[in-house]
Amino acid sequence: MEISYATSSNLDITDSDVVNGLARQVRATPLDRPTPSSPALPSPSLLAQWRLKFQSMSLIELMEILLPCTRWIRTYDWSECLELDIMAGTTVGVMLIPQAMSYAKLAGLHPIYGLYSGFVPIFVYAVFGSSRQLAIGPVTLVSLLVSNVLSGIVDPSDELYTELAILLAFMVGVLECAMGLLRLGWLLRFISHSVISGFITSSAVVIALSQAKYFLGYSVERSSKFLPLAKSIIDGAGDFSWPPFVMGSTILAIILLMKRMGSSKKNLRFLRASGPLTAVMLGTAFVKIFRPSSISVVGEIPQGLPEFHIPRGFQYAHSLISTAVLITGVAILESVGIAKALAAKNGYDLDSNQELFGLGMANICGSFFSAYPATGSFSRSAVNHETGAKTGLSGIVMGCIMGCALFFLTPLFRDIPQCALAAIVISVGISLVDYEEALFLWRVDKKDFLLWTITCIMTLFLGIEIGVLVGVSASLAFVIHESANPHIAVLGRLPGTTVYRNIEQYPEAYIYNGIVVVRIDAPIYFANISYIKDRLREYEVDSSGNTKGPETERIYFVIIEMAAVPYIDSSAVQALKDLHQEYKSREIQMGFSNPNRKVLITLSRAGLIELIGKRWYFVSVHDAVKACLQYMENFLGSIRNQTPGGQPEFLQWQWKQHNGEEPYPDQEPLLPPREV
């Protein structure tokens, strides 16, 4: 079947051509399109596509996909990169040791499990991960989620608590690997950045309050909600103890001061990474010298590497599924976002799905060596990048530093004050409070600020799971609303050109009496077709209401510019058919401008092209407007020469002209353009 556009896009039509009294013949430009009955070429299955892809790969390319570490190993520059990688890995490894123990305490686990989580997963990620600067291990948000969920199932002092945390690492790893292999990372694009920022900000407040017990010297209720934590802190104020508060506040001030100095001056960057270790060393030295009884310490930490064992407690897996999904989402959003930013800064490509697979393998393997869920850390990754890390070797050095700590240094960790570890967590929590993002959203987009506020408040007062659920639901609701209410613009012609633009954006653009040109800036499908039909009716009424004169000022044509429409479904096609019949009953002709191949094939298969007529499909808006003006010119001229009482209907006149009957000989000048 051959579908023709009514005019060619290369017709050069000037303003004088539009307003004079001469009619110009419309020329057709045929474009071949498949008929509805044409057999479509069979598309290969997904498995066949993968098989063809692998068959076309060389052995080296296949190795780079299965083991991304081979990409930097093959091209490693020992003279340039080795020193930088060792320095960066050592710096971040020293930073990781106190942080890992602090985050394990936040998760309700013994500090040794934080060290385990910063050991095996690092080595595995260095092999399977595609980012060369991402530093993975335990992080604050994931630790808080682990504590919040597991404390509702079993008491933290129970051995089952630890087993479930390890099982959670296995489940998170399986989900991440599955998403990577199935290439489902795009699903997280529906979560707005404002939702993530609001969630992180409120979580930071909860994290800081949950660590207050180590500063205040008395127990605080374990919760992920603001009100229970605040109430518990206030109720226990009578048991307040000054020594841990003074020590914790001093250590926190030292960490924040060193972080501030390290961020402000390049030659003092090392202070940013060494702040937690310095604080821990000072606190440990104070405890060893003065032995204060009112300051609690970490206690005995097992020495040596973790032993291999299969995760247990699978009978509780159903209770952990929702948390595993939530942790996976948070881990992916945090890790992949950081990894992409670092890859862009260092000039190499990063595959998000490969990154998911690498994180998943790190968690799965880590769960066999007593690790709880690990993911990429923003602070440690930033330090790793700033200290010059070039390849994944820096991660291997981190793992070696952690292995040395497990082998030789654990006896020294016994006298670390609990308030020192809490100060490390609180310092990270303070840095996560993103009030600047809230101010930015308020200035730029009130809708995103509303999303930020909803997520933040709900997470604070209803808990992390409900807060994330409400935030994501609100984000999706905004996406659905935008999709169901697409932007539609009335187009006018810019003076002296054949270019048509939005008359709201370009007030100097003018439209022609009797013609409405609209552009739909979205796919047309079942969710938005009703809105589109309503808007088209509004434009018709508005245009009719603003015109002058009786018959000459009514709407004769509605042209839909479809260049921005990538897709149209069957429901929308049926609605357009109904709209065509509605227009036909009111003597209005519908036309289409520049639909793409996919849309044109759909319209052809649905019979809409034959229903409306091939001559009402145009290459450009200007061609469509010119054709409409020619029809109007001939029709209005025929009215002038028609005897009284014999005025023809417009669509009947079109039908006669299209079927070979001569138009009325005398023609009046075209209607002048009307300024908007």
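This structure is a prediction, so every number in the text was calculated from the model and none was measured.

### Some details on the packing of aromatic side chains
Using the criterion set out here, one finds 23 aromatic pairs in the structure. Ring centres of tyrosine 76 and tryptophan 78 lie 4.9 Å apart, and the angle between their planes is 70°; on these two criteria the pair is classed as edge-to-face. For tryptophan 78, a relative accessible area of 60% corresponds to the exposed category. Taking the centre distance of 5.0 Å and the plane angle of 85° together, the rings of phenylalanine 240 and tryptophan 242 count as edge-to-face. A residue is classified by how much of its surface remains accessible, and tryptophan 242, at 56% relative accessible area, is exposed. One aromatic cluster in this structure is built from Phe170, Phe308, Phe314, Phe368 and Phe369. A cation sits over an aromatic face here: arginine 132 above tyrosine 348, 4.6 Å from the ring centre. Lysine 446 extends its terminal NZ or CZ atom over the ring of tryptophan 442, reaching a point 4.6 Å from the ring centre.

### Here we look at empty space enclosed by the protein
Evaluated as defined, the whole model comprises 3 cavities of 30 Å³ or more. Counted as a void, the largest cavity has a volume near 130 Å³. Lining the largest cavity are 18 residues, with Tyr125, Ser131, Leu134, Gly392 and Gly395 sitting closest to its centre. Counting residues per element, the ones that place at least two in the lining of the largest cavity are helix H7 (120-128) and helix H18 (393-409). For the lining of the largest cavity, the per-class residue count stands at 8 nonpolar, 9 polar and 1 charged.

### As for the layout of surface pockets
Reported here for the second largest pocket is a volume of approximately 530 Å³. Lining the second largest pocket are 33 residues, with Gly108, Leu109, His110, Pro156 and Tyr161 positioned closest to its centre. Elements that contribute at least two residues to the lining of the second largest pocket include exactly helix H5 (78-106), helix H6 (111-117), helix H8 (140-150), helix H9 (159-181) and helix H11 (212-216). At 5 residues, H9 tops the list of elements feeding residues into the lining of the second largest pocket. Looking at side-chain class alone, the lining of the second largest pocket contains 12 nonpolar, 13 polar and 8 charged residues.

### Considering the side chain of threonine 323
Within the element layout of this structure, threonine 323 appears in helix H15 (residues 317-346). With relative accessibility at 2%, the residue threonine 323 sits in the buried group. With residues near it in sequence (within four places) discarded, threonine 323 still touches Leu145, Val149 and Leu168.

### Considerations on the environment of methionine 87
With respect to the helices, strands and loops of the structure, methionine 87 is situated in helix H5. Taking C-alpha positions, methionine 87 is 7.8 Å from glycine 388, a pair spaced 301 residues apart along the chain.

### Structural notes on the side chain of serine 131
Here serine 131 shows up in the loop between H7 and strand E3 (136-137). Looking at serine 131, its side chain comes within polar contact range of the main-chain nitrogen of glutamine 133, at 3.5 Å. Here the side chain of serine 131 touches leucine 134 through a polar contact of 3.2 Å, landing on its backbone nitrogen. Filtering out sequence-adjacent residues up to four positions away, serine 131 remains in contact with Tyr125, Ala339, Tyr348, Leu350 and Glu355.

### Description of the packing of H7 against helix H16 (residues 352-367)
Running from amino to carboxyl end, H7 crosses H16 at an angle of 150°, the nearest separation of the two axes being 8 Å. The angle between H7 and H16 places the two elements in the roughly antiparallel class. Like other packed secondary-structure pairs, H7 and H16 cross with a definite hand, here right-handed. Together, Val120, Pro121, Val124, Tyr125 and Phe128 of H7 and Gln354, Glu355, Phe357, Gly358, Leu359, Met361, Ala362, Cys365 and Gly366 of H16 make up the contact between the two elements.

### Quick notes on the nonpolar core
Nonpolar side chains tend to gather and get buried jointly when the protein is soluble and globular. Residues Met101, Leu115, Met402 and Phe413 are the most contacted members of the largest nonpolar core, which totals 57 residues. It is helix H19 (residues 418-432) that contributes the most residues to this core, 7 residues altogether. Within the second largest apolar cluster, 56 residues are counted, among which are Val517, Val518, Ile612 and Met632.

### Considering the confidence of the model for the protein chain
Keep in mind that low pLDDT regions are not for reading the predicted coordinates in detail. Within the protein chain, residue pLDDT values average 80, and 84% of them lie at 70 or more. Highest mean pLDDT in the protein chain belongs to H6 (93); lowest belongs to strand E2 (residues 29-32) (41). Contacts from residues 655-676, a stretch scored under 50 in pLDDT, to residues over four places away or in other chains number 55 contacts.

What counts and what doesn't
Residues numbered from 1 in each chain as written. Predicted model: local features only at pLDDT ≥ 70, side-chain atom pairs only at ≥ 80, totals over all residues. Heavy atoms only, no water. Phe/Tyr/Trp six-rings, centres within 6.5 Å; stacked < 30°, edge-to-face > 60°. Buried < 20%, exposed > 50% of the residue type's maximum accessible area, 1.4 Å probe, protein only. Lys NZ or Arg CZ within 6 Å of the ring centre and 35° of its normal. 1 Å grid on protein atoms, 1.4 Å probe; cavity = no way out; pocket = protein on both sides within 12 Å on 5 of 7 lines; lining within 4 Å. Points joined across faces, edges and corners; volume = space filled by probe spheres on them. Helix = DSSP H or I, 4+ residues; strand = E, 2+ residues; numbered from the N terminus. Nonpolar A, V, L, I, M, F, W, Y, C, P; charged D, E, K, R; others polar. Contact = heavy atoms within 4.5 Å. Polar contact = N/O pair within 3.5 Å; in protein donor to acceptor, adjacent residues only side chain to side chain. Axes fitted to C-alpha atoms, helices over the stretch in contact; angles between N-to-C directions. Parallel < 35°, antiparallel > 145°, perpendicular 65-115°, else oblique. Left-handed = near helix turned anticlockwise from the far one by under 90°. Core = buried A, V, L, I, M, F, W, Y, C linked by side-chain atoms within 4.5 Å. pLDDT = per-residue confidence, 0-100.

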